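Spelled out from the first residue to the last, the chains are:
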Amino acid sequence: MQLSLLENTDFGSCAENRVKELHLLLEHHNQCYYQRDSPEITDAEYDELFRELTSLERQYPGLATADSPTQRVGVALVGRFSSVTHGLPMLSLENAFNDDEIRAKLDVRVKKELGLSDDSAVSYMCEPKMDGLAVELIYEQGTLTVASTRGDGITGEDVTQNIRTLRGLPLRLSGDGVPALLEVRGEVFLSLEAFQKINRDREDNGDPPFANPRNAAAGSLRQLDSRITARRPLSMFCYAPGRVEGFQFSSQDEFLTSAAAWGLPVNPLTRLVNHIDGAVAYYHEMQELRETLPYEIDGTVIKVDSFSLQSELGEKSRSPLWAIACKFPPRQAETLLEDVILSVGRTGVITPVAKLRAVEISGVTVSRATLHNWDELTVKDIRIGDTVVVERAGDVIPAVVRVIAERRNGSERAVPPPLHCPDCGSVVVRIADEVALRCMGISCPPQIRESLRHFASRGAMDIEGLGEKVVEQLLSLGLVRTIADLYALNKADFMRFERMGDKLASNLLTALEGSKKCTLDRFIFALGIRHVGERTAKSLAQAFGSLENLEIATMEELTSVRDIGATVAQSIITFFMNPDNRMVISQMRTLGVLPAAVAKTVGGRLNGKNFVFTGTLTRFSRDYARKLVEDLGGNVVGSVSRKTDYVVSGGDAGGKLIKARDLGVTIFGEEEFLELLKEP
Ligand code: IVH
């Protein structure tokens, strides 16, 4: 997907378009980050897009819809492990990027909410912000019974078997006063040393290395085979309680001390301060210390220490008001830009990539960096031979930040945009309103390679064994040109591969055969229609029920589906209008690829029940509530009437609540609603 950080300076409908575009971008990057563990942009860039959306929504409140990524706690699951609904939602934190923001977004706000004077002092617990992945552990009568990932904040994946392999984590709590129930949250991470070793081993085996320790930790924890997890030395630090029975903590300090006393790993670098000045000083100290730590931290977290003040302050849908994440500025290094390489993606977009003289940034050797698009090259005046500043923000994909123009000696070369595709020689066009250059060749090899890879990938058709290397050989032997050709392959074709055994060939054929009966949403996602990610594919499958219906859907029908705006709808229509695409789909049908049609969820536990949500919801976002209800066959409607079965009311509910009372409709609080969903 196209990444644009350019601010849209026009007003009115321009803002509306940009908001829609930001929804799409953020959703896409959420998916890349949370579900696929393969982010395409840095955290800093993500934060910038997020901030741009927040500020547009503030400026134009009418554009702040319930389905905005600003209202979400995360993204839905891919669904391979069984799922676990968290007893309390796992929230995320608002970010601050400098001292002033720390004071304004935490201390000033806290005092205002609590009605304290400006010169009063609040005690804060300061903690390193571990750069790993959040996990919840449940100890019942002191025994570890369930461990789950954060997932979308409401429901995560059951990774109990894998978590049990963490050596530093007690399977039973010890010491005095162990609570009957203790839900505890923390961050699972890999040490830098372990990360480097894993990558060395992967490279020796010809596997692509992990981009950073966080991805390596996520990849290790989400292994279906826990024996692999056991070989990866994952660690964990606990930092927050969930539900607790049989013990009452009065403060974060007491929680951390008790957790440590019961044998849970707690970061020894936490510090209790009695004034915000102490928290700001801690942020600076940690920034220095960061370079010497054996693991990655990407900031500090500051929390109001007292639990009674925390509950008085409460939380908004995305984050609590009593804590803030103080992010460190990204790490940078200088190096030589040796060349600009062109990379052609699945949709034909040509992206310039910087080839750099290898440089080490925080333990990771960087030799490539993204340049995003040609506008970026022009705006930043980047030339081959330049000394450039490279950044690993959030330590994901490195980016070229700027040129050090003073280092130029006159031998640098500007890079003109290509007129022809570097791979197939087809003409390159720049589509109106887009910054991207696109190769229009329908048989462009990298496009075919990427579409095959995407088609076979986990979230799509999930064809086991059809990875990068197999795709490469299929292409170089000229055995496939389209995704349909995959289904015409036979054993003899595979046996032409280098290093292909009888068993492997049979497995591949079985996997291909098995994928013929995939679900409709996976098939739609696998087609690689621009702007159609997993979530949109699910909505489309639900709404249209079959591929045949989707192929002939009109603009009106498409835009009436939840989450689908004009851009996505147009992209779908354009896709199905293309005769090449229609031909590929019809060939697949002939070859027996018949995605299962879906009926709209009927017969669920909440079948036909109408829900209305009102007031300020603090336990979950409306978007998630809707998903939960719809998954069980219920409907969410906007206004209360005689047909309404349940009203779920958050704080400050107004007219709808009154009307519900008048009509005698059942009214639930947020807790009761969650209980209702949990009932067997
Ligand atoms: S507290 C409601 N403490 O940061 C507060 N989070 O950006 C829950 N994280 O999802 C989080 N170190 O994965 C907390 N010491 C720490 C943390 C920490 C890392 C992560 C956590 C969370 C994310 C929020």
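Thresholds, definitions, all that
- Residues numbered from 1 in each chain as written.
- Predicted model: local features only at pLDDT ≥ 70, side-chain atom pairs only at ≥ 80, totals over all residues.
- Heavy atoms only, no water.
- Helix = DSSP H or I, 4+ residues; strand = E, 2+ residues; numbered from the N terminus.
- Buried < 20%, exposed > 50% of the residue type's maximum accessible area, 1.4 Å probe, protein only.
- Contact = heavy atoms within 4.5 Å.
- Core = buried A, V, L, I, M, F, W, Y, C linked by side-chain atoms within 4.5 Å.
- Pairing = 2+ DSSP bridges.
- Axes fitted to C-alpha atoms, helices over the stretch in contact; angles between N-to-C directions.
- Near = heavy atom within 4 Å.
- Polar contact = N/O pair within 3.5 Å; in protein donor to acceptor, adjacent residues only side chain to side chain.
- Areas by Shrake-Rupley, 256 points an atom, 1.4 Å probe, with all protein chains shown as cover.

Enquirer: Give a detailed account of the side chain of Thr614, specifying residues and quantitative values.
Expert: Here Thr614 lies in strand S21 (residues 610-614). Using a relative accessible area of 6% as the deciding quantity, one classes Thr614 as buried. For Thr614, the residues in contact, after removing those within four places along its chain, are Arg622, Val647, Val648, Ser649, Gly650, Ala653, Gly654 and Lys656.

Enquirer: A description of the nonpolar core should follow, citing residues and the corresponding values.
Expert: Among the nonpolar cores identified, the biggest contains 55 residues, and Phe455, Leu474, Leu486, Phe494, Leu527 and Met588 are the most heavily contacted of them. Contributions of two or more residues to this core are made by helix H12 (445-456), helix H13 (468-476), helix H15 (502-515), helix H16 (520-526), helix H17 (534-544), helix H18 (547-551), helix H20 (566-577) and helix H21 (579-590). For this core, the element with the highest residue contribution is H20, accounting for six residues. For Phe455, the contacting residues outside a window of four places in its chain are Ala460, Met461, Asp462, Ile463, Ile483, Leu486, Tyr487, Phe523, Ala526 and Met588.

Enquirer: Let's hear about H17: which residues, and what values?
Expert: All of the buried residues along H17 are Glu534, Thr536, Ala537, Ser539, Leu540, Ala541 and Phe544. Directly after H17, the chain includes Gly545, whose backbone phi takes a positive value near 75°.

Enquirer: Tell me about the sheet that holds strand S10 (residues 297-304), and please be specific about residues and values.
Expert: If you walk across this open sheet you meet the five strands as S2-S11-S10-S3-S9, and the pairing is mixed. Edge positions in the open sheet fall to strand S2 (95-96) and strand S9 (271-273), since each of these has one partner strand only. Against the sheet, helix H8 (residues 252-261) touches strand S3 (124-130), S9 and S10, its axis set at about 55° to S3.

Enquirer: A description of the site of the ligand should follow, citing residues and the corresponding values.
Expert: Surrounding the ligand, one finds Leu93, Glu127, Pro128, Lys129, Met130, Ala134, Glu187, Tyr239, Val301, Lys303 and Pro320. In the environment of the ligand, an oxygen atom lies 3.3 Å from a nitrogen or oxygen atom belonging to the side chain of Lys129. At 3.2 Å from an oxygen atom of the ligand is found a side-chain nitrogen or oxygen belonging to Tyr239. In the complex, the protein chains occlude 87% of the 520 Å² of accessible area that the ligand would expose alone. For the shell around the ligand, the secondary structure elements donating two or more residues are S3 and S10.

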